[in-house]
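What the coordinates show
The primary structure of each chain is shown beneath.
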Amino acid sequence: MKAIIVCTSVSHGNTRKVADVLGRVLGARVVAPEQIGAAELAAYDLVGFGSGIFNLEFHPRLLEFVRALPPEQRGRAFVFTSSGLPEPPFRPYIRRLARLLEQRGFQVVDTFACRAYDTWLPFKLVGGIRKGRPDAADLEAARLFAEGLRDRAGASC
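Description of the structure in this document. (Residues numbered from 1 in each chain as written. Predicted model: local features only at pLDDT ≥ 70, side-chain atom pairs only at ≥ 80, totals over all residues. Heavy atoms only, no water.)

Turning to its location among the elements, Thr-15 is positioned in helix 1 (residues 14-26). In this view, Thr-15 contacts Cys-7, Thr-8, Ser-9, Gly-50, Ser-51, Gly-52, Phe-80 and Ser-82; residues no more than four positions away in its chain are not counted. (Helix = DSSP H or I, 4+ residues; strand = E, 2+ residues; numbered from the N terminus. Contact = heavy atoms within 4.5 Å.)

Here the focus is the sheet that holds strand 2 (residues 29-31). If you trace the five strands from one edge of the open sheet to the other, you get 2-1-3-4-5, paired in parallel fashion. Bordering the open sheet on either side are strand 2 and strand 5 (107-115), each of which pairs with just one other strand. For this sheet, the mean inter-axis angle between neighbouring strands, taken without regard to orientation, is 20 degrees. Both strand 3 (residues 46-52) and strand 4 (residues 76-83) contribute to a ladder of seven bridges, which runs parallel. Within the sheet, the bridge partner assigned to Leu-46 lies in strand 4 and is Arg-76. Helix 3 (residues 93-103) rests against strand 3, strand 4 and strand 5 of the sheet, and its axis sits at about 155 degrees to strand 4. (Pairing = 2+ DSSP bridges. Axes fitted to C-alpha atoms, helices over the stretch in contact; angles between N-to-C directions.)

Below, the discussion takes up unusual backbone geometry. Positioned with a positive phi, Asn-55 is a non-glycine residue whose angle comes to about 55 degrees. Looking at the secondary structure, you find Asn-55 in the loop between strand 3 and helix 2 (60-68). Judged by its relative accessible area of 56%, Asn-55 is exposed. The phi dihedral of Leu-56 is positive, around 60 degrees, even though this residue is not glycine. (Buried < 20%, exposed > 50% of the residue type's maximum accessible area, 1.4 Å probe, protein only.)

The next point concerns the environment of Glu-102. Here Glu-102 shows up in helix 3. Under the relative-accessibility criterion, Glu-102 is labelled partly exposed at 35%. Counting along the chain gives 29 residues from Glu-102 to Gln-73, while the straight-line C-alpha distance between them is 9.5 Å. Excluding anything up to four places from it in sequence, Glu-102 contacts Arg-95 and Val-108.

The tally for this structure, following the rule as stated, stands at 12 salt bridges. Where Arg-133 meets Asp-138, a salt bridge forms, and the shortest distance between an N and an O atom there is 2.5 Å. Arg-133 gets classed as partly exposed once you look at its relative accessible area, which sits at 24%. Among the ionic contacts, a cluster of salt bridges with common partners joins Glu-57, Arg-91 and Arg-96. (Salt bridge = Lys/Arg side-chain N within 4 Å of Asp/Glu carboxyl O.)

Following this line, the structure appears as structure tokens:
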């Protein structure tokens, strides 16, 4: 299985920490959206898409990249994120990105989310929330998630 991870991590490097763990398990390179072209994605069996959450949404650079992909038959994908708060039921941003990927031809096979240090206002006024996250337990959960992806991909080959 050939995998790649497209990740935008800008505030505290939280999402990149998660992406690096996922990448080690999957043998995948981690790239920013501007480091890979749409045509290059066809060479991969599995593509991960992730970012931190900003104003209840994935990072604009990641969303712009996905929206710019031409709709065509593609392989499997997964979505991952880190955020200070859990996804609220009134704004299912993970599912929205998964649907967008499906519209671009990917089969979204799974999603992963973990808590992370967050200094978005008003949290900045109190020094942020979730200090020290993602922690060892979060990164272990990411490792197990990636192992599951890898094992399922191996079973389907």
